[in-house]
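So you can see what is in the structure, the chains are spelled out below.
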Amino acid sequence: MAKNIQCNEAREKMATRLVKPVVGVTYDDMEAYIQLPPPALGEPAYTIEELRSFLHANGIINGIDEEILKSIIAKEMYGVRLTVARGRPVKEGKDGYFVYKFKQDISRAPKENDDGSVDYWGVTLIETVVQGQEIVHYYPAVQGTEGITVKGARIAPKICKELPPLKGKGFERSEDNCSYIAQIDGKVEMHRDRITILPVYEIYGNIDLVSGNINFSGDVIVHGNVCTGASITATESVTVDGIMEGAVIEAGKDVVVRNGIKGGYEGRIITKGNVVSKYMEYVTVEADGNVETDSMIDCTIKAGEKVILTGKHGQIIGGFVTALAGIDAVNIGNDTEVETHVGVGVEAELLSQIAALQAKISTTEQELDKINQALNAFEEYEKNHGVSMREDPRRMQLLRARIRDTSIIAGERAKLQRCNETMEKGATAIINVTAGLYPRVSVRIDEIRTKIRQKEVFCRLVRKNDKIVLERLGSGRQIS
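I will try to describe carefully the structure that is included in this document.

### Considerations on the overall build of the protein chain
- Counting secondary structure elements, the protein chain contains five helices and 37 strands.
- Against the compact-globule benchmark of 23 Å for 480 residues, the protein chain has a radius of gyration of 40 Å, which places it well outside the compact range.
- Put simply, the protein chain has 480 residues, and 41% of those count as buried.
- The long-range fraction of contacts in the protein chain, counting pairs at least 24 apart against all pairs at least 6 apart in sequence, stands at 41%.
- About 26300 Å² of surface is accessible on the protein chain, with carbon and sulfur atoms providing 50% of the total.
- One way to put it: in the protein chain the 61 positive side-chain charges average out to a point 4 Å from where the 68 negative ones average out.

### A short note on the sheet that holds strand β8 (residues 134-139)
- One open sheet holds the four strands; their spatial order is β4-β8-β13-β12, and the pairing between them is antiparallel. This sheet does not close on itself; its edge strands, each paired only once, are β4 (97-100) and β12 (171-173). Strand-to-strand twist of the sheet, defined as the mean angle between neighbouring strand axes without regard to direction, takes the value 20 degrees.
- Pairing between β4 and β8: four bridges, direction antiparallel. Paired with Y97 across the two strands is Y139, which belongs to β8.

### A closer look at helix α2 (residues 48-57)
- Looking only at α2, the buried set comprises I48, E50, L51, S53, F54 and L55.
- A positive backbone phi angle near 85 degrees is found at G59, which sits one or two residues after α2.

### Re the nonpolar core
- One finds M280, V291, M296, V307 and I327 to be the most contacted residues of the largest nonpolar core, which totals 53 residues.
- Among all residues touching M296, those that are not within four sequence positions of it are M280, V291, I301, V307, L309, Q315, I316, I317 and V321.
- With 16 residues, the next largest nonpolar core counts L55, I64, L69 and V84 among its residues.

### What about unusual backbone geometry?
- Phi is positive for N177, close to 65 degrees, though the residue is something other than glycine.
- Positionally, N177 belongs in the loop between β12 and β13 (179-182).
- Positive phi, normally seen in glycine, also occurs at Y265, with a value near 65 degrees.
- Considering the arrangement of structural elements, one finds Y265 in strand β23 (residues 261-271).

### Describing the packing of α2 against helix α3 (residues 66-74)
- Where α2 meets α3, the closest approach of the two axes is 10 Å, and the angle between their N-to-C directions is 125 degrees. Here α2 is positioned oblique relative to α3, judged by the angle of their axes. Crossing hand, α2 versus α3: right-handed. Between α2, through I48, L51, R52 and L55, and α3, the contact on the second element is made entirely by E66, L69, K70 and I73.
- In terms of residue class, the contact of α2 with α3 is made up of five nonpolar, no polar and three charged.

### Some words on the packing of helix α4 (residues 348-385) against helix α5 (residues 393-426)
- Interhelical geometry of α4 versus α5 gives an angle of 155 degrees and a closest axis separation of 8 Å. What the angle tells us is that α4 and α5 run roughly antiparallel. Between α4 and α5 the crossing geometry is left-handed.
- Here the contact of α4 with α5 is composed, by residue class, of 18 nonpolar, seven polar and ten charged.

### A word on the sheet that holds strand β3 (residues 81-86)
- Taking strand neighbours across the sheet as the criterion, the three strands line up as β1-β2-β3 in an open arrangement whose pairing is antiparallel. Among the strands making up the open sheet, the edge pair consists of β1 (22-25) and β3. If you compare each strand with its neighbour and ignore which way they point, the axes differ by 25 degrees on average.
- Of the strand pairs in this sheet, β1 and strand β2 (residues 31-35) are connected by four bridges, and their pairing is antiparallel. Residue pairing in the sheet places G24 in a bridge with Y33 of β2.
- Relative to β2, α2 is tilted by about 125 degrees, and along the sheet it contacts β1, β2 and β3.
- Against the sheet, α3 makes contact with β2 and β3, and its axis sits at roughly 155 degrees relative to β3, the strand it touches most.

### Description of the side chain of T293
- With respect to the element layout, T293 can be found in strand β26 (residues 291-293).
- By relative accessible area, T293 is classed as buried at 0%.
- Only 2.8 Å separates the side chain of T293 from the backbone oxygen of S277, close enough to count as a polar contact.
- Of the polar contacts made by the side chain of T293, one reaches the backbone nitrogen of Y279; its length is 3.4 Å.

### Structural notes on α4
- Compared with an ideal rise of 1.5 Å per residue, which puts 38 residues at 56 Å, α4 spans 56 Å between its outermost C-alpha atoms and is within 8% of the ideal.
- Turning to α4, its buried residues number three or more, namely L350, I354, L357, I361, T364, L368, I371, L375 and F378.
- Each element contacted by the buried residues of α4 is listed here: α5.
- One or two positions beyond α4, positive phi appears at G386, with a value near 65 degrees.

### Describing the pairing of strand β19 (residues 231-234)
- Alternating residues of β19 divide into I232 and A234, all buried, and S231 and T233, none buried.
- In this structure, strand β17 (residues 214-216) lies alongside β19, joined through three bridges in parallel fashion. In the strand pairing of β19, I214 is matched with I232.
- With four bridges connecting them, β19 and strand β21 (residues 248-251) associate as parallel partners. Paired with T233 across the two strands is E250, which belongs to β21.

Analysis parameters
Residues numbered from 1 in each chain as written. Predicted model: local features only at pLDDT ≥ 70, side-chain atom pairs only at ≥ 80, totals over all residues. Heavy atoms only, no water. Helix = DSSP H or I, 4+ residues; strand = E, 2+ residues; numbered from the N terminus. Rg over C-alpha atoms; globule rule 2.2 N^0.38 Å. Buried < 20%, exposed > 50% of the residue type's maximum accessible area, 1.4 Å probe, protein only. Contact = heavy atoms within 4.5 Å. Areas by Shrake-Rupley, 256 points an atom, 1.4 Å probe, with all protein chains shown as cover. Lys, Arg positive; Asp, Glu negative; His and termini not counted. Charge placed at Lys NZ, Arg CZ, Asp CG, Glu CD. Pairing = 2+ DSSP bridges. Axes fitted to C-alpha atoms, helices over the stretch in contact; angles between N-to-C directions. Core = buried A, V, L, I, M, F, W, Y, C linked by side-chain atoms within 4.5 Å. Parallel < 35°, antiparallel > 145°, perpendicular 65-115°, else oblique. Left-handed = near helix turned anticlockwise from the far one by under 90°. Nonpolar A, V, L, I, M, F, W, Y, C, P; charged D, E, K, R; others polar. Polar contact = N/O pair within 3.5 Å; in protein donor to acceptor, adjacent residues only side chain to side chain. Expected span 1.5 Å × (residues − 1).

So, in structure tokens, the structure goes:
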């Protein structure tokens, strides 16, 4: 009661003053200031209650700094704009988020060192985890705290959201749903929000006739050599830390041989992915992707993408090397003029295959039209004579023929599409040579062939119309 009387007296006192204080707020109502004029002649000094009531009268009810008000009065701080109230800003929270304890970006390409050599140990095909390892940690959402302005208005923080649990297999979640723990040793992969841990066959030693061949549904890692006579078959990738000799490797994905291949004309790699090796000697490689190495000596290489020779030498010496999308090399051939064959683009056999597929599709479509006409005749007969021909053996035979021909056309069109995609991939194939292109190198671009008769440097070979053109230092000349 006494406090209310005191406040009323303060308001009445302020109302009688000749010059009133100036009160203002910032645009967001988070700060308020006051500027006191000196009391008029004969007017009493300001009091805390008087200033507080004046602020309240102007809507300033929150965050008032009593100490500032006391200082203003005690030090007679007149004519100065001073902040006397501050609101409490909203404190935003944080949405829930995952922290992954494994590498999500795998380096599949070797890196060149400062000295020009290539680091094949930096190539990683898979990321492995062990049973009991935490692979992901979830940090739950933290809700924020509301703010309040100097005028008492409340500001609600953004509602922070939780993320749905990760899906997949090969792991389990802790009771609080924050830790994801591997249930098996294996390879961890992530696609969108799905994590999968798959078995990995890891061999700590050599693969030879004693250890036996490997046939595994998954990834294979060999921490040793793959010796002559041995074989590895894997549905996923194969990594060999040592040397591959006259062995056979078949993989559904990439193959990495870190210390190189000495195939002895018996080694063979067949893969639907890429092949990366420190060097390749006397080996046959068929890859749907790229083939990348420091050097190739007397190899038979067929790449569905590019052949890339890296490092200081980056050389192809001898053998038959073909790549649909192109070849990048430092040197092709050598000073002793070893006969070397390189080819890029589309071979004549593919053009013949496309023509054969188109002819087969056209012929089958014509047969299918005849079948459909015959079936339509049965329908007309039923309509005109009012009898059912559904069980007629001739009609049943036509239906079976239609199913057969429709299936044939679909299959041949799928093959034709793949052939056309191959044509597009090889349409711009070129051969780049950043150092030396030597005599007795046979070159094929698509179905056009030529042979190098003198040493060339820093050049590229391209097809222009029905000729192979050598371009060097910004100029082009035809070779034949």
